[in-house]
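Secondary and tertiary structure notes
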Amino acid sequence: MSDALVPYDEALAAFDPAMGLEVHIELNTVTKMFCGCPTEFGAEPNTQTCPTCLGLPGSMPVVNGKAVESAIRIGLALNCDIASWCRFARKNYFYPDMPKNFQTSQYDEPIAFDGYTDVLVDTADGSEVFRVEIERAHMEEDTGKSLHVGGSTGRIQGADYSLVDYNRAGIPLIEIVTRPIMGAREKAPAVAKAYVAHLRELILGLGVSDVRMEQGSLRCDVNLSLAPIGTGELGTRTETKNVNSLRSVERAARYEISRQAAILGSGGSILQETRHWQEVSGVTLSGREKSDADDYRYFPEPDLVPVAPSEEWVRSLKDTLPEPPRVRRDRLQKEWGFSDLEMRDTIGADALGLVEETIAAGASPQAARKWWLSELARRANEQDVDIASLPITPAQVARIQALIDEGGINDKLARQVFDGVLAGEGTPDEVVAARGLAIVSDEGALSAAVDAAIAANPDVAGKIREGKVAAAGALIGAVMKDMRGQADAGRVRELILEKLA
Amino acid sequence: MGDLIRRSAADLADALAAGETTSVELTRVHLDRIAEVDGAVHAFLHIDTEGALAQAAASDARRAAGQLASPLDGVPIAVKDVLATDGLPTTCGSKILEGWIPPYDAEVVARLKAAGLPILGKTNMDEFAMGSSTEHSAYGPTHNPWDLDRIPGGSGGGSAAAVASFQAPLAIGTDTGGSIRQPGAVTGTVGVKPTYGGVSRYGLVAMANSLDQAGPVTRTVLDSALLHEVIGGHDAKDSTSIDQPLPALVDAARRGAAGDLTGVRIGVVKELTGEGYQSGVQQRFDEAVQLLVGAGATVVEVSCPNFVHALAAYYLIMPSEASSNLARFDAMRYGLRVLPEGIESPSAEDVMRATRDRGFGDEVKRRIILGTYALSSGYYDAYYGQAQKVRTLISRDFDTAFYSADVLVSPTAPTTAFRIGEKLDDPVAMYLNDIATIPANLAGVPGLSVPAGLADEDGLPVGFQVLAPAMADDRLYRVGAALEALLEKQWGGPLLDRAPTLEVAR
Ligand SMILES: [Zn+2]
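Residues numbered from 1 in each chain as written. Chains lettered and ligands numbered in written order. Predicted model: local features only at pLDDT ≥ 70, side-chain atom pairs only at ≥ 80, totals over all residues. Heavy atoms only, no water.

Thoughts on the overall build of chain A
Our working definition: Only runs of H or I of at least four residues qualify as helices and only runs of E of at least two qualify as strands under DSSP, and these elements are numbered from the N terminus. Any two residues whose heavy atoms approach within 4.5 Å at even a single point are treated as in contact. Calculation of accessible area relied on Shrake-Rupley with a 1.4 Å probe; when residues are assessed, cover is drawn exclusively from the protein chains displayed. Positive charge is attributed to Lys and Arg, negative charge to Asp and Glu, and no charge count is given to His or to the chain ends. Charge positions come from single atoms, namely NZ of Lys, CZ of Arg, CG of Asp or CD of Glu.
The secondary structure content of chain A amounts to 16 helices and 14 strands. Judged by the C-alpha coordinates and their principal axes, chain A covers about 90 × 55 × 55 Å. In chain A, of all internal contacts separated by at least 6 residues, the share reaching a separation of at least 24 is 69%. Approximately 22,300 Å² of chain A is accessible, and the part contributed by carbon and sulfur atoms is 51%. Of the side chains in chain A, 53 bear a positive and 75 a negative charge, and the two mean positions are spaced by 3 Å.

Below is the structure:
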């Protein structure tokens with residue numbers, strides 16, 4: 001059963017969207033939020049646990065100081081005020097992947113509050129700065145992870161049994177909550193995407209998280225509601241979860257606008273609920289019904305003492321913040337000599353950091369841009385994944401360019417090297433060796449191939465002898481085909497012209 | 001060797017040092033005593049014969065090598081079943097934890113082991129420490145050695161009865177609203193609730209985190225001081241633990257026993273005497289105050305007007321925290337799991353519901369419901385919020401009182417031990433038994449109960465409570481030891497000498 005939709009333009013003609021974005025950032029601290037367990041991703045299930053993160057009777061939490069520092073730095077980077085005194089609170093609800101059946105979080109005393117951040121949004125008429133107001137950023141712990149086995153949906157309904165991995169339980173999270181984003185109109189989905197991309201860039205710059213959406217170290221919930229156009233009201237919202245890529249952020253927002261408009265347009269009303277984004281089908285599906293009556297019975301965590309960062313500490317953290325994303329972009333554009341358009345495309349492709357790392361690994365700015373924006377952006381698009389999640393590193397891209405610069409391969413062969421690396425065949429050098437992709441520089445072999453091409457194409461050879469140099473292309477093509485592309489096309493051309501002079 | 005079990009821990013430590021006995025022998029005589037009398041007393045939920053004897057043998061080996069771990073090395077101890085013990089069952093007196101064996105030691109237990117005290121077993125308690133009589137244990141009540149038809153106090157009735165019936169020279173209790181001191185009072189033993197944060201709570205299965213505190217249960221004040229020094233002090237695993245050295249407790253106890261209290265100002269709390277206090281209790285208390293005056297102390301009357309709200313505030317804060325703490329018992333990871341009847345393929349939620357229904361007793365359910373209600377949105381400010389304000393006022397009352405007195409005193413409990421079953425149907429009457437002990441928990445200050453004699457009307461023990469400012473636990477020991485020495489001089493020996501002899505099972 002699929003929901004009715006109205007075309008996007010029609011939806012906007014009748015309604016104003018309002019959005020609230022809740023982003024969870026998994027910090028990259030070495031240990032968990034309240035215990036000494038390691039946080040490494042991908043370990044055997046339930047090997048990174050202890051009495052505290054398993055919530056065993058009698059166990060107690062101790063706050064990870066590094067996590068507090070990271071939270072403050074994120075807050076400062078988002079222009080927030082930092083609380084001089086705040087507490088953790090228990091959020092009480094039952095769920096099997098939550099060991100204590102309460103989450104240790106923060107409630108009315110967040111560590112950071114009242115901030116904003118300026119986001120660069122791509123529009124049809126160029127880039128536009130959009131200010132997103134930040135309501136709060138607070139610290140909390142992650143839950144365990146359930147795996148529902150059996151049944152068709154992978155969800156708890158219909159499953160035969162469920163497995164829970166508590167390795168993730170207790171990993172430090174920072175939840176960043178925006179104020180309602182109003183007035184973005186048709187750009188709302190683009191603002192959502194740009195905000196999350198901006199946040200990712202900002203947090204990467206802080207070095208406090210890997211912010212990998214596909215691994216869940218950045219998770220975004222999109223709250224969206226519609227109100228009749230021009231009323232400035234807030235309608236009933238839905239909260240869409242499971243939005244695991246930048247593209248999905250935009251698509252999910254767009255989908256909800258069309259879906260909600262269809263319901264409201266036909267006189268229906270929106271159910272306040274949690275919805276789940278379906279990456280493959282591109283729709284949101286109804287999850288748990290949510291109401292304002294959800295009562296988490298928050299109260300201050302009695303096992304922890306208040307967090308009271310000193311003014312001097314906060315000031316020193318503020319003084320040592322890295323440059324903000326916009327300043328960084330301006331600096332990089334200048335350093336790389338990119339045009340405005342080149343810069344915009346690079347940012348639009350979400351490849352700024354990748355290009356920067358590729359240049360740092362030795363490639364020229366133009367070469368780095370070329371590979372990421374042409375070859376790799378195209379492949380990411382074809383596979384419908386974020387460019388950063390392609391299985392190739394900036395260092396490998398730089399190495400491929402170095403092979404070209406050394407004359408070992410040409411652009412055409414380079415594309416095959418990309419194929420090989422992306423297919424998991426190894427490093428660029430390993431792919432070149434395994435696939436036998438090196439350019440033939442043996443003059444004897446080249447000369448023989450040219451002679452053979454001339455002999456096989458007497459008409460073309462005649463034209464060249466008569467001075468029609470442009471006809472050489474056909475002979476070059478024949479030689480390259482003969483050499484399976486592994487020849488230096490420039491040298492082939494020289495040889496042809498020499499022999500037919 | 002029947003004499004060994006009646007001696008104080010300090011005496012036993014001396015006997016070990018003098019080579020008169022060994023830790024293995026001490027441990028064995030106490031295990032024998034448990035076998036003889038615990039069928040009638042039911043102080044223990046679990047006895048670790050093998051483990052205790054192994055620890056005792058290790059202690060004897062240390063002694064032979066001249067490498068003692070602490071002054072109490074080799075003296076056996078019993079531990080309340082609310083503290084996690086690696087490899088030993090820990091039930092908290094609840095069916096929901098039946099069969100659970102923790103994979104780790106509570107910090108208090110780890111310190112006992114490090115100090116070389118063999119652990120005899122785990123003692124009975126009201127379920128999750130919720131009660132004042134140990135009748136709410138899911139494993140049956142503990143009986144008061146002074147009269148087996150009466151309650152031994154609660155929630156730590158098991159620890160107090162074990163010590164009072166000479167089944168252990170020492171025990172650990174925990175005190176959230178009086179669970180160490182009130183059992184001490186009604187069994188004629190000594191119990192100390194240290195300053196909040198003075199003893200690590202890591203591994204103490206929490207009832208109310210902001211109130212709970214583990215402490216010594218002994219037959220003498222000096223023994224409590226010795227044990228307190230073993231288990232107390234900062235622990236980085238408990239964020240609420242105070243990062244300061246303990247005061248010199250043993251020194252204070254020895255000094256107090258010399259009987260000179262010159263210059264000590266004793267504050268009698270007006271709100272904790274008089275109406276509601278049994279006449280024999282009041283009488284012994286008044287006499288004890290006069291003895292202290294005789295030892296050189298001055299007495300002032302102090303008023304703590306907000307103490308009258310303490311019980312109400314306590315019964316909002318404690319259930320609120322408890323309702324959240326007990327949420328983890330959901331049959332998913334450990335403990336009891338009950339499959340609901342009449343449901344084909346029950347969901348996780350069905351199993352949680354059935355397990356909690358069967359696994360928790362009525363008093364626990366009552367407090368979960370109270371706490372859940374008090375924390376609910378729309379009620380939070382009126383209940384939990386107000387209770388926290390009362391708590392602040394009570395702390396201020398203490399501050400003011402300690403301005404004019406070095407210690408505050410009161411009867412520990414308003415009555416002597418009541419009969420088993422007597423107050424089971426009247427929760428409020430039961431709660432009232434903690435009226436004098438609860439203020440100290442709300443304010444985090446330390447308190448001690450020491451025997452003050454027997455009430456004339458029923459011949460049962462009466463407790464005398466001493467309260468001191470936070471981190472001034474040494475004052476408890478000085479005043480407590482002085483009173484103990486003066487009274488024992490009058491009595492011609494310890495109060496427990498007057499307890500009836502328990503019939504020995506063979
Ligand atoms: Zn852990």
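So that's the structure; there's more coming.
Some points on the coordination of the zinc ion
Residues and elements named next belong to chain A. The following threshold applies: Each metal's donors are the N, O and S atoms found within 2.8 Å of it, except that Na, K and Ca use a 3.2 Å limit; water is left out, so coordination can look incomplete. Only four donors with every angle between 85 and 135 degrees are called tetrahedral; only four or six donors with opposite donors over 155 degrees apart and all others between 65 and 115 are called square planar or octahedral, in that order; all others are irregular.
Coordination of the zinc ion by the protein involves Cys-35 (SG), Cys-37 (SG), Cys-50 (SG) and Cys-53 (SG), with metal-donor separations of 2.3 to 2.4 Å. Around the zinc ion, the 4 donor atoms are arranged such that angles at the metal cover 101 to 115°; this shape is classified as tetrahedral. Between the donor residues of the zinc ion, the gaps in sequence give the motif C-x1-C-x12-C-x2-C. Here Cys-37, found in the loop between strand S1 (15–26) and helix H2 (65–77), pairs with Cys-50, found in the loop between S1 and H2; they are 13 residues apart in sequence, far enough to count as distant.

Description of the nonpolar core
Basically, it comes down to this: Each nonpolar core is a collection of buried residues, namely Ala, Val, Leu, Ile, Met, Phe, Trp, Tyr and Cys, held together in the definition by side-chain atoms within 4.5 Å. Using a 1.4 Å probe on the protein chains alone, a residue whose accessible area is under 20% of its type maximum counts as buried, one over 50% counts as exposed, and one in between counts as partly exposed.
Counting residues in each nonpolar core, the largest one holds 133 residues, and the members touching the most others are Leu112(B), Phe128(B), Ile172(B) and Phe464(B). Per-element accounting of this core gives the leading share, 9 residues, to helix H10 (residues 310–325) of chain B.

Description of the confidence of the model for chain B
Note the cut-off: The pLDDT value expresses, per residue, how confident the predictor is, ranging between 0 and 100.
A residue-level look at chain B finds 99% of positions with pLDDT of 70 or above and a mean pLDDT of 96. Reported for the predicted complex are a pTM of 0.87 and an ipTM of 0.95.

So, the environment of Ala58(B)
Residues and elements named next belong to chain B. Structurally, the position occupied by Ala-58 is in helix H3 (residues 49–64). When its relative accessible area of 34% is taken as the criterion, Ala-58 is described as partly exposed. Residues Ala-58 and Asp-73, spaced 15 residues apart in sequence, show a C-alpha to C-alpha distance of 9.9 Å.

Notes on the pairing of strand S12 (residues 273–278) of chain A
Residue and element names in this part refer to chain A. Rules: Only strands joined by at least two bridges in the DSSP assignment are considered to pair. Convention used here: a crossover is right-handed provided that the path from the first strand, over the helix, to the second strand proceeds clockwise when the strands point away from the viewer.
As paired elements, strand S11 (residues 238–243) and S12 share 4 bridges and run parallel to each other. If you follow Lys-241 over to S12, its bridge partner there is His-276. Regarding topology, helix H4 (residues 246–265) serves as the crossover connection from S11 to the parallel S12, and that connection is left-handed.

Observations concerning the domain arrangement of chain A
This is how the line gets drawn: An automatic or database domain assignment supplies the start and end points of every domain.
Per the domain assignment, the segments of chain A are domain 1 (8–296), domain 2 (327–435) and domain 3 (443–500). The C-alpha-based centres of domain 1 of chain A and domain 3 of chain A are spaced at 61 Å.

Overview of a nonpolar patch on the surface
We count it as follows: Here a patch means residues that are over 30% exposed by relative accessible area and free of salt bridges, tied together within 9 Å if like-charged and within 5 Å if nonpolar (Val, Leu, Ile, Met, Phe, Trp, Tyr). Each salt bridge in this description consists of a side-chain nitrogen of Lys or Arg and a carboxyl oxygen of Asp or Glu lying within 4 Å of one another.
A cluster of nonpolar side chains, contributed by Leu147(A), Tyr161(A) and Leu163(A), occupies part of the molecular surface with about 310 Å² of accessible area. You can see Leu163(A) is positioned in strand S8 (residues 161–165).

A few points about the interface of chain A and chain B
Our working rule: Note on definitions: buried area is the accessible-area loss of two parts on being combined, 1.4 Å probe, summed for both. Two N or O atoms form a polar contact when they lie within 3.5 Å of each other; inside protein one atom must be a possible hydrogen donor and the other a possible acceptor, and for residues adjacent in sequence the pair counts only when both atoms belong to side chains.
Facing the 30 residues of chain A at the interface are 38 residues of chain B. Between chain A and chain B lies a buried interface of about 2,600 Å² when both sides are counted; carbon and sulfur atoms form 59% of it. Interface area lost by chain A to chain B is led by Pro57(A), Met60(A) and Arg297(A), which between them contribute 24%. The interface formed by chain A and chain B contains 1 salt bridge. Remark: the boundary between chain A and chain B carries 17 residue pairs in polar contact (both at pLDDT 80 or more). Put simply, the parts of the chain that give the side of chain A that touches chain B at least two residues each are strand S3 (89–92) and strand S14 (299–300) of chain A.

Some remarks on unusual backbone geometry
The peptide bond linking Gly154(B) to Ser155(B) adopts the cis configuration, its omega dihedral lying at 5°. If you trace the backbone, Ser155(B) turns up in the loop between strand S3 (119–123) and helix H5 (157–164). Non-glycine residue Asn101(A) carries a positive phi angle of around 60°. Checked against the element boundaries, Asn101(A) lands in the loop between S3 and strand S4 (102–105).

Things to note about the environment of Thr104(A)
Residue and element names in this part refer to chain A. Looking at where Thr-104 falls in the secondary structure, it is placed in strand S4. Thr-104 gets classed as buried once you look at its relative accessible area, which sits at 0%. If near-sequence neighbours (up to four positions away) are discounted, Thr-104 is found in contact with Phe-34, Phe-88, Ala-89, Glu-140, Glu-141, Glu-301 and Leu-304. Among the polar contacts made by the side chain of Thr-104, one reaches the side chain of Lys-100 at a distance of 2.8 Å.

Describing helix H8 (residues 249–257) of chain B
Two residues of an α-helix separated by three or four positions point the same way, owing to the 3.6 residues in each turn. All names here are of chain B. Threshold: The directions considered for the arc run from the helix axis to the C-beta atoms.
For H8, the complete set of buried residues consists of Leu-249, Val-250, Ala-252, Ala-253 and Gly-256. Buried residues of H8, seen end-on, are gathered within an arc of 160° and therefore sit on one face of the element. Projecting away from the buried face of H8 at angles above 90 degrees are the exposed residues Asp-251, Arg-254 and Arg-255. Note on H8: the residue one or two positions beyond its end, Gly-259, has a positive phi of about 90°.

Quick word on the sheet that holds S3(B)
Residues and elements named next belong to chain B. As a reminder, the rule being used: The axes used here are C-alpha line fits, helices contributing only the stretch in contact, and every angle between their N-to-C directions lies in the interval 0 to 180 degrees.
On the basis of which strands lie adjacent, the open sheet formed by 11 strands has the order S1-S3-S2-S4-S6-S5-S10-S11-S9-S7-S8 and mixed pairing. At either margin of the open sheet sits one strand with a lone partner, and together these are strand S1 (44–47) and strand S8 (298–302). Pairs of neighbouring strands in the sheet enclose a mean axial angle of 25°, with direction left out of account. One ladder, built from 2 bridges, connects strand S5 (residues 190–193) with strand S6 (residues 214–218); its direction is antiparallel. Within S6, the residue paired with Val-190 across the bridge is Thr-218. On the sheet, H5 packs against S1, strand S2 (77–80), S3, strand S4 (170–174) and S6 and is oriented at approximately 160° with respect to S4. Relative to the sheet, helix H13 (residues 381–404) contacts strand S7 (265–269), S8, strand S9 (407–411) and strand S11 (461–467), its axis offset from that of S9 by approximately 110°.

Topic: the packing of H10(B) against H13(B)
Residue and element names in this part refer to chain B. As a reminder of what qualifies: Comment on the angle field: the value is read as roughly parallel under 35 degrees, roughly antiparallel over 145, roughly perpendicular from 65 to 115, and oblique elsewhere. The hand of a helix crossing depends on one turn: near helix anticlockwise from the far one by less than a right angle means left-handed, and clockwise means right-handed. Three classes are used, and their members are as follows: Ala, Val, Leu, Ile, Met, Phe, Trp, Tyr, Cys and Pro are nonpolar, Asp, Glu, Lys and Arg are charged, and the others, Gly among them, are polar.
Packing of H10 against H13 leaves a shortest axis separation of 9 Å and a crossing angle of 125°. Taken together, the axes of H10 and H13 are oblique relative to one another. When the axes of H10 and H13 are compared, the crossing they make is left-handed. Here Ala-310, Ala-313, Leu-316, Ile-317, Ser-320 and Glu-321 of H10 come into contact with H13, specifically with Tyr-383, Tyr-384, Ala-387, Gln-388, Val-390, Arg-391 and Ile-394. Among the residues forming the contact of H10 with H13, the class breakdown is 9 nonpolar, 2 polar and 2 charged.

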